[in-house]
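# Descriptive structure summary
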Amino acid sequence: MANLTLVQAVRDALMCEMTHDSRVVLMGEDVGVNGGVFRATEGLQKEFGEERVFDTPLNESGIIGMAMGMAVNGLRPVPEIQFMDFIYPAFDEIVSEVAKIRYRSGGGFTCPMVIRTPYGGGIRGGHYHSQSSEAYFIHTPGLKVVVPSNPYDAKGLLISAIRGEDPTMFLEPKRLYRSIKGEVPEGSYTVEIGKASVVRPGKDVTLLCWGAMVPVCMKAAELCEPRGADCEVIDLRTLAPLDEERIFESVKKTGRVVIVHEAPKTCGFGAELSALINEEAILYLEAPIVRVTGLDTPFPYALEHIYMPDAERVALAVGKVKNF
Amino acid sequence: MESETDLMKKKTKSQITVTKKKPIKPEKGLLGGSVLREDCYRIMNEDGTVDSKADPKLDKEILLKMYRNMALTRAFDERGMMLQRQGRIGFYVPSFGQEAIQTGTAATLEKKDWVFPSYREPGIFLYRGAGLYEMLCNLWGNNGDLSKGRQMPVHYSFPDIKMFSVSSPIATQLIQAVGAAMASKISKTKEVAISYCGDGGTSENDFHTGLTFAGVYKAPAVFIITNNQYAISVPFSKQTGGKRIVDKAVGYGMPGIAVDGNDALAVYLATKEAVDRARRGEGPSLIECVTFRMGPHSSSDDPTRYRDEKLYQAWLKRDPIKRLRTYLESKKLWDEKKEKVLQEELKAKLAEAVEKAEAQPLSDPMDLFEDVYAELTPQLKKQKAELLHEVELRGKFENTSEAFPL
């Protein structure tokens, strides 16, 4: 076991998979010599050579389109988009091409690949280094969407994603890259994609969250305990495909739900979660579902701490559903 | 559609001829380094001397204004980096070594012209009269910032001087500049739109699109490519299989020229010609300014991890400010005493503006909802009321943001 940060765990996963599977290749802006601007690929070019870990021209659709061609032709690319905010030039390649190739070729062509990209705010990054745009990709059939919240899951989920047969968006909460550490086993292990995790059991209110909102919800749960609400915190971990069963199980127990995400409220993934719960478990609800989300504004710079959900805001929402 | 023969005929004209003088052939190896080339148009020798036959004899006022602005840009960048290192601001992007490009191009423009800058061009804002105080307020993201603290530091926006709002996504502004240029053409306002990106930016789809559209419509646009040889850590050799960015101009049907980007006179003259062409209705041009990024990509970057040190050392000798100063001194337009006065003046002006900017408070939280649309939507009104209620309930919000990592 080693005590690693989340970004070190990502690097560890890449190292493990590259060691035992020569098909795995990494590419992106600054991933080679510089080891990635967050150091997620530090030293990997030295270890595996320039053919397997390489810097690309500054062109995101190029990174994804080329990765797709490589995947179609037998490699297992893990392209990096430096910030999720810069993914949009590659949007066409991802949603029109990568996500649909299996379907549109009747299963004849596939492109198993993992698109790694840091997402989320709380790092003084303004509009273009802070957004949380998972909903666009969850809304695209053919893509899996995975968001780890701790070093152990980051390594295990990334290895599962690389070994999987489907293209996967692997969204890394950059706010947690170095702010948390955890025990991570040496060598390869997997964490199953499609399974949520109950990170704190509780009986009164279900908190649904992922990525950097997991520690926020854990802190909120602590705040709520003396205020008389026992929260169950569920880290969804995989947003597509969703572990619906685990969610419904919890909702049936607590009857009260708060959904927390960084992205704007309108059409955020919270809307889908709320609709699902209404479809499947409305008779168990004791209070309306409450969403704690980013505002319906572009992501701001100086006032991001007011824009983003924090523990107190979540705790207030818990109070609201608890005392409905 | 133009026939191939038409294009071939044009090919011979694909270099901008600057004020009808022949580009001066630099001494062999003078620029040195792997991507530095002898094809660059230049007026100054490396040490700032100018051969008498080559002296363009620019107006004294312009020369001094350019020099002062380059010195101001350097002082501003130094202050920006220092404020970041002291933890007083969160982030900074210096433009060390690129002062001649910013100032030399800006000096060719009229007030009515449009500028679409990248994030490494404080000198253009300064040349066109952006207030030091307002620029510094942007670094703090406070309520004195014209974009109301919504953007990261160095992402300025100055509508009054037609300095378009800076974006982080790369090269997006090139196409927008073509649009502004086309509006000028359609409205017959004779405005020119100039846009900037780096060597990395030339790899983006938007570079291709911008130049394609400009070429097709013969837009009154000028594209300044600052080839500073690194896109964060990725060297120019990884941006194109070709040797020169200027060669791309031919493919888009526009003239182009490669210029020594540390030679303020050459940058000025080449850009002047391109701007004049555009204003005369002769269409777009591309100018590749060959230089070197003398600082980090940003305050979060450590260039010693990847930078070619020999190349860096070689470029230290070509400091654009020193070169212009030598030239001015040779013309008796500048001396040690004037320099001392200027430096003291810059220091005092900056110190005063810093003090004032740092004291400004952040915008009011309720301001978060403004400017999303022309008017608040019902949804935003609701969210605003909710936030107001929360502010009343909670009072102060704790700022738990981590430091910017890149």
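Predicted, not measured: the structure shown is a model, and the values here were computed from it. (Residues numbered from 1 in each chain as written. Chains lettered and ligands numbered in written order. Predicted model: local features only at pLDDT ≥ 70, side-chain atom pairs only at ≥ 80, totals over all residues.)

Turning our eyes to something else, we now look at the overall build of chain A. When helices and strands are tallied, chain A shows 12 helices and 14 strands. For 324 residues, the compact-globule estimate of 2.2 N^0.38 gives 20 Å, and the C-alpha radius of gyration of chain A, at 19 Å, lies within 12% of that figure. Projected onto the principal axes, the alpha-carbon positions of chain A cover approximately 60 × 45 × 35 Å. For chain A, the proportion of contacts with a sequence separation of at least 24, taken over those separated by at least 6, is 80%. (Helix = DSSP H or I, 4+ residues; strand = E, 2+ residues; numbered from the N terminus. Rg over C-alpha atoms; globule rule 2.2 N^0.38 Å. Contact = placed C-beta atoms within 7 Å.)

Attention now moves to the confidence of the model for chain B. All names here are of chain B. Confidence in the prediction of chain B, expressed as mean pLDDT, is 91, and 90% of residues score 70 or more. Within the model, the stretch residues 1–14 combines pLDDT values under 50 with 8 contacts to residues more than four positions away or in other chains. When the criterion is pLDDT under 50, residues 19–35 qualifies, and its contacts beyond four places in sequence or with other chains add up to 25 contacts. Two numbers describe this predicted complex: its pTM, 0.94, and its ipTM, 0.94. (pLDDT = per-residue confidence, 0-100.)

Attention now goes to the interface of chain B and chain A. Contact with chain B, which involves 47 residues of that partner, is made by 41 residues of chain A. Considering every element that reaches the side of chain B that touches chain A, the biggest residue donor is helix α13 (residues 378–394) of chain B, with 6 residues. A per-class count over the side of chain B that touches chain A returns 20 nonpolar, 19 polar and 8 charged. (Nonpolar A, V, L, I, M, F, W, Y, C, P; charged D, E, K, R; others polar.)

Here A:Ala240 and A:Pro241 are connected by a cis peptide whose omega angle stands at 0°. Inspection of the secondary structure assignment puts A:Pro241 in the loop between β12 (238–240) and α9 (244–254). Despite not being glycine, B:Lys188 has its phi angle at roughly 55°, a positive value. Along the chain, B:Lys188 turns up in the loop between α6 (172–187) and β2 (193–198). With a phi angle near 50°, B:Ile232 is a residue other than glycine that sits in the positive phi range. Along the chain, B:Ile232 turns up in the loop between β4 (230–231) and β5 (234–235). The exposure class of B:Ile232 is buried, given the 20 C-beta atoms found within 10 Å. (Buried ≥ 20, exposed ≤ 12 C-beta atoms within 10 Å, placed from the backbone.)

Next up on the list: helix α5 (residues 132–140) of chain B. All names here are of chain B. Burial within α5 is extensive, with 7 of its 9 residues counted as buried. All of the buried residues along α5 are Leu132, Met135, Leu136, Cys137, Asn138, Leu139 and Trp140. Residues of α5 that are buried sit in contact with α2 (60–85), α4 (122–127) and α12 (336–358). Note on α5: the residue one or two positions beyond its end, Gly141, has a positive phi of about 65°.

All names here are of chain B. A sheet is described by the order of its strands in space; here 5 strands give the open sequence β1-β2-β3-β7-β6, paired in parallel fashion. Lying at the two open borders of the sheet, with one neighbouring strand each, are β1 (114–116) and β6 (256–260). Averaged over all pairs of adjacent strands, the angle between their axes in this sheet comes to 20°, without regard to strand direction. Sheet analysis places β2 next to strand β3 (residues 221–227), joined by 6 bridges and oriented parallel. Of the residues in β3, the one forming a bridge with Gly198 is Thr226. Each of β3, β6 and β7 (285–290) touches helix α9 (residues 264–279); the most contacted strand, β7, lies at about 170° to it. (Pairing = 2+ DSSP bridges. Axes fitted to C-alpha atoms, helices over the stretch in contact; angles between N-to-C directions.)

A separate point is the sheet that holds strand β9 (residues 197–200) of chain A. All names here are of chain A. Judged by pairing direction, the sheet is mixed, and its 5 strands sit side by side in the order β9-β11-β10-β13-β14 without closing on themselves. Looking at which strands have only one partner, the edges of the open sheet turn out to be β9 and β14 (290–294). Between one strand axis and the next, the sheet turns by 25° as a mean value, whatever way the strands run. In the sheet, strand β13 (residues 257–264) pairs with β14 via 4 bridges, with the strands oriented parallel. Looking at β14, one finds that Val258 is bridged to Val290.

Attention now moves to the environment of A:Glu183. Residues and elements named next belong to chain A. Mapped onto the elements of the fold, Glu183 is located in strand β8 (residues 181–184). Since 11 C-beta atoms lie within 10 Å of it, Glu183 is described here as exposed. Considered as a pair, Glu183 and Asn3 are 180 residues apart in the sequence and their alpha carbons are 4.6 Å apart. Residues within four places of Glu183 in sequence aside, it is in contact with Met1, Asn3 and Tyr152.

Residue and element names in this part refer to chain A. Counting buried positions along β13 yields 8 of 8 residues, so the element is predominantly enclosed. Bridge count between strand β10 (residues 205–209) and β13: 3 bridges; the pairing is parallel. What sits directly across from Leu208, in β13, is Ile259. As a crossover connection, the stretch from β13 through helix α10 (residues 269–281) into β14 is right-handed. (Right-handed = clockwise from strand over helix to strand, strands pointing away.)

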